[in-house]
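Chain by chain, the residues run as shown.
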Amino acid sequence: MAVGIFDSGLGGLTVYREIHAAMPDLPLVYFGDNIHAPYGVRDADDIYDLTCQACSRLFEAGCDLVILACNTASAAALRRMQEGWIPEGKRVLGVFVPLIEALTERDWGDNSAPREVDVKHVALFATPSTVASRAFQRELSFRAIGVDVEAQPCGGLVDALEDGDLILSEALVQSHVDALLRRMPKPEAAILGCTHYPLMADMFQEALGAQVQVFSQGKIVAKSLKNYLERHPEMVGPGTKLQFLTTGNAKSVSSQATRFLRQDIRFASA
Ligand code: DGL
C-alpha cells in the first residue's frame, strides 16, 4: 500500500513531511528527479516528458496514486497528462487545487460557480516556468472573482536551496519580495507556489510583514490527501515500503536531504 510523491528535487520533502505526520502508517514512495532539477527553467514539453517518466517509475514501485509535489510539474504537465497519458486505474494529482481551495475558503472538490472572496490582493511566488504558465490564475478564476494576483518569478531560489546556501536564499527571498511589493504594495495573502519555498517561510513572512497571510502547501495538501483517501481507499496502491528514490547520486542526495529536512533521510537510486 503506497502513495507516490514526486518532485524535481528536494522541495517535495516539505509535502512528504506533512503527509507523513498526518498519516504515519501510510507507506510513501518519494521520487526526486535531482539529476534534472531545477524544472522551473525548462520548457513545458521537457517538464511533461520528465514528469511522465517519474510517474511511471512510481507506478512500478507499487503506487496507484501519485501526488505531484511540484508546482512546476502541476502547472506545466498535469493537465496534458490527465488528458491522455495516465494509465487506467492510476491517478495523478497536483498541489495547486488544494491550495486555491484553502485560499478561497472552499471545501474539497467544491466545484460551484466562482464567487467573491475576502482576499482581493494576492502575491504569488513561484518558479519562472510556473509563473509563465499562468496556471495559478486559471485555477483561481474557476473559483473566485475580483482577485488581483501579482506573480513574482523567483529565479535562482530553487538552486540556492538545493545547494543548501542559506545566505544566498535569504538574499534572494528579500529581493524577490521587494520586487513584488513595488508592484503590489499591500497584498493580503501570499502564496508560496513552489514546494521548496516553505523552508524559507519565516523569511518570506518577515520580508512581507506580519499583516500578510502566508500560505504554504504542505499541511493543506496533507489534509486534502487524507480526505481523498477516506473517499477512495482503493487508491492506496500495493507497495508496502517507505522509500526515497532519486535519479541523482544517492549518497550526496541523502546528505542534502538530511540537511534540507533536518531529519535522517536515505535515498536509493531510482
Ligand atoms: N519544487 C518545485 C515546485 O514546486 C520546483 C522546483 C524546480 O524548479 O525544479 O515548483
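Residues numbered from 1 in each chain as written. Predicted model: local features only at pLDDT ≥ 70, side-chain atom pairs only at ≥ 80, totals over all residues. Heavy atoms only, no water.

A. Structural detail: the sheet that holds strand S3 (residues 63-68). Taken in spatial order, the six strands make up an open sheet running S4-S3-S1-S2-S11-S12, and their pairing is parallel. Both outer strands of the open sheet, strand S4 (91-93) and strand S12 (268-269), are each paired with one neighbouring strand and no more. The pairing of strand S1 (residues 2-7) with strand S2 (residues 28-32) spans five bridges and is classified as parallel. Residue pairing in the sheet places Gly4 in a bridge with Val29 of S2. Across the sheet, helix H11 (residues 218-231) is in contact with S1, S3 and S4; its angle to S3 comes to roughly 155 degrees. (Pairing = 2+ DSSP bridges. Helix = DSSP H or I, 4+ residues; strand = E, 2+ residues; numbered from the N terminus. Contact = heavy atoms within 4.5 Å. Axes fitted to C-alpha atoms, helices over the stretch in contact; angles between N-to-C directions.)

B. The arrangement of the site of the ligand in detail. Around the ligand, the surrounding shell holds 13 residues, and the nearest of these are Ser8, Tyr39, Gly40, Thr72 and His196. Ser8 has a polar side-chain atom sitting 2.6 Å from an oxygen atom of the ligand. Here an oxygen atom of the ligand sits 2.6 Å away from a polar atom, N or O, in the main chain of Tyr39. Considered on its own, the ligand offers 300 Å² of accessible surface; in the complex 99% of this is hidden by protein. Taken together, the residues of the shell around the ligand break down into five nonpolar, seven polar and one charged. (Near = heavy atom within 4 Å. Polar contact = N/O pair within 3.5 Å; in protein donor to acceptor, adjacent residues only side chain to side chain. Areas by Shrake-Rupley, 256 points an atom, 1.4 Å probe, with all protein chains shown as cover. Nonpolar A, V, L, I, M, F, W, Y, C, P; charged D, E, K, R; others polar.)

C. Structural view of the sheet that holds strand S9 (residues 189-192). As summarised here, the arrangement of the four strands in space is S8-S6-S9-S10, forming an open sheet in which the pairing is parallel. Of all strands in the sheet, those bounded by a partner on one side alone are strand S8 (148-153) and strand S10 (213-215). On average, adjacent strands in this sheet sit at an angle of 20 degrees to one another, irrespective of strand direction.

D. Quick look at the packing of aromatic side chains. Within the structure shown, the criterion is met by 10 aromatic pairs. A centroid spacing of 6.0 Å and a plane angle of 45 degrees characterise the contact between Phe6 and Tyr39, whose relative ring orientation is tilted. Highlighted residues: Phe6 in strand S1 and Tyr39 in the loop between S2 and helix H2 (44-60), separated in sequence by 33 residues. This pair shows no difference in class: Phe6 is buried, exactly as Tyr39 is. Here the aromatic cluster, defined as three or more aromatic residues joined through ring pairs, consists of Tyr16, Tyr30, Phe244 and Phe267. The ring centre of Tyr48 lies 3.8 Å from the NZ or CZ of Arg80, which sits over that ring. (Phe/Tyr/Trp six-rings, centres within 6.5 Å; stacked < 30°, edge-to-face > 60°. Buried < 20%, exposed > 50% of the residue type's maximum accessible area, 1.4 Å probe, protein only. Lys NZ or Arg CZ within 6 Å of the ring centre and 35° of its normal.)

E. Region of the structure containing the packing of helix H1 (residues 13-22) against H11. Orientation of H1 relative to H11, taken along the N-to-C sense of each, is 45 degrees, at an axis distance of 8 Å. For the element pair H1 / H11, the angle class is oblique. The hand of the H1/H11 crossing is right-handed. Touching Thr14, Val15, Glu18, Ile19 and Ala22 of H1 are Gly218, Lys219, Val221, Ala222, Leu225 and Lys226, all from H11. The residue makeup of the contact of H1 with H11, split by class, is six nonpolar, two polar and three charged. (Parallel < 35°, antiparallel > 145°, perpendicular 65-115°, else oblique. Left-handed = near helix turned anticlockwise from the far one by under 90°.)

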